[in-house]
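Architecture and fold: a report
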Amino acid sequence: MPNDDVENLLRDLAPQVLGALVRRFGHFATAEDAVQEALLAAAVQWPEEGVPGNPRGWLITVGSRRLTDLLRAEQARRRREDTVIQWTPHDRWLAPAADRPAEQSDDTLILLFMCCHPALSPASQIALTLRAVGGLTTAEIARAFLVPESTMTRRISRAKQRVKDSGIPFGLPPAAERAARLGAVLHVLYLIFNEGYASTSGPHLHRAELSSEAIRLTRMVRRLLPEDGEVAGLLALMLLTDARRPARTGPDGALIPMAEQDRALWNAASIAEGVALVSEALPRGATGPYQIQAAIAAVHDEAPSAEATDWPQIEALYEVLMLSDNPVVALNHAVAVAMVRGPRAGLDLLGELESDERVAADHRLHAVRAHLLEMAGDPVAARAGYLEAARRATSLPQQRYLHARAARLG
């Protein structure tokens, strides 16, 4: 098997193996070390000797043996038995032999629930998810979020300790908690995707490795929960949004707004898959916000041109989302209203948002106001709005774009 295929296989198996070891032994941090050594052994051996018939079982066996060695080495300074009892359900107090055939259940979803434990901050949930489930190194995560590796190391270590101290057993949360915890999982994946697609800081407009990882992890959750409409909706939203990425920047890296993008560059396969997902999910059961956002993205992506966009349908969909009391939704709703009823109608709605402290200081509010003022034929006020938005933006490509818009009106 080529090295690239081995690498892809190991990335898919890593969270399953880690979940299996944590389920069996506890010791999240030590289990992760053991899994990394098992993955390294596989990366060296498999390209030369061939992939074993049961690669997941091979990794669990090697990881279990290494974890057993690590735990024995720590026994002098840590009371392993107490920790195992704390982490392990009563019916699993007797740990099986390390070389026992591995269970075939996929613990990835349980691992995601653990990484998104409500005791953790969103930043810690994201970091731990990318480390434990995504398989990214601490250095890669630190680079993605533009912080020193030492800072990210401390963040991940604190998150692991918090999970350990919580005393939760390794397993799916009780049914009463499951929907809320799944919501946290999907929200973390959504945040990872958004940071990759529209970076909030730094020199680049997007970080493809983050958005791609979010799509990969959401596909994984989709395989585990194929009947969940919101999982399908989130995956559809990611695919439909990411499909536009090839047209979002020019040769010099400058931002190109959707209305000016070359739609021939959009990824047709991603659009087709996203539309199929949301079309299948919408008629089934309750409709959640990710499905509605995906439906909005589908309307944009299926329009042959910006002028042909079905803005009345988009406005109606945003009005459904407005029930969530989300200021960013309200901002997008104002744009849709402006496209349907004229810029002044949109500006009236923006006026209502100025007192909402959740969005009042955000550069997006000022950028949207400037755009609508430009549409309304007030170039002086629009120019001032673009400059104010540029002053508040933290992304360099966004700043350059907003300054360029202001310069056009100067």
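Above this text is the structure in question.
All chains use their own residue numbering, which begins from 1 and follows the written sequence. Side-chain atom pairs in this predicted model are given and counted only at pLDDT of 80 or more, local residue features only at pLDDT of at least 70, and totals for whole chains, interfaces and linings cover all residues. Hydrogens and water molecules were not included; the side-chain quantities draw on all heavy atoms of the structure.

Okay, unusual backbone geometry next. What is expected of a backbone is that most residues other than glycine have negative phi and most peptide bonds are trans. Located in the positive-phi region is Asp325, a residue other than glycine, with phi close to 55°. In DSSP terms, a helix is any run of H or I states spanning at least four residues, a strand is any run of E spanning at least two, and both are numbered starting from the N terminus. Tracing the chain through its elements places Asp325 in the loop between helix H14 (311-321) and helix H15 (327-341). Remark: exposure states derive from per-residue accessible area (1.4 Å probe, protein chains only) relative to the maximum for the residue type, with buried under 20%, exposed over 50%, and partly exposed in between. Overall, the relative accessible area of 54% leaves Asp325 in the exposed class.

With that settled, the discussion passes to the environment of Leu347. Mapping Leu347 onto the fold places it in helix H16 (residues 343-353). For the pair Leu347 and Val368, spaced 21 residues apart in sequence, the C-alpha to C-alpha distance is 8.9 Å. For this analysis, residues touch if any pair of their heavy atoms sits within 4.5 Å. When near neighbours in sequence (up to four residues on either side) are disregarded, Leu347 contacts Arg369, Leu372 and Leu373.

Attention now moves to a nonpolar patch on the surface. Together, Met339, Val340 and Met375 make up an exposed nonpolar region whose accessible area comes to about 220 Å². For Met339, the location among the structural elements is in helix H15. Patch membership requires more than 30% relative accessible area and the absence of a salt bridge. Residues of like charge join within 9 Å; the nonpolar side chains Val, Leu, Ile, Met, Phe, Trp and Tyr join within 5 Å. Surface exposure here means Shrake-Rupley accessible area, sampled with a 1.4 Å probe, where a residue is shielded only by the protein chains that are shown. Criterion for a salt bridge: a side-chain nitrogen of Lys or Arg within 4 Å of a carboxyl oxygen of Asp or Glu.

Below, the discussion takes up helix H13 (residues 289-302). Given a helix with a known number of residues, its expected span is that number minus one, times 1.5 Å. An ideal rise of 1.5 Å per residue puts 20 Å on 14 residues; H13 measures up with 20 Å between its terminal C-alpha atoms. Across the 14 residues that make up H13, a large majority, 11, are buried. The set of residues buried in H13 consists of Tyr290, Gln291, Ile292, Ala294, Ala295, Ile296, Ala297, Ala298, Val299, His300 and Asp301. The inward-facing, buried residues of H13 contact helix H9 (175-197), helix H11 (229-242), helix H12 (268-281) and H14.

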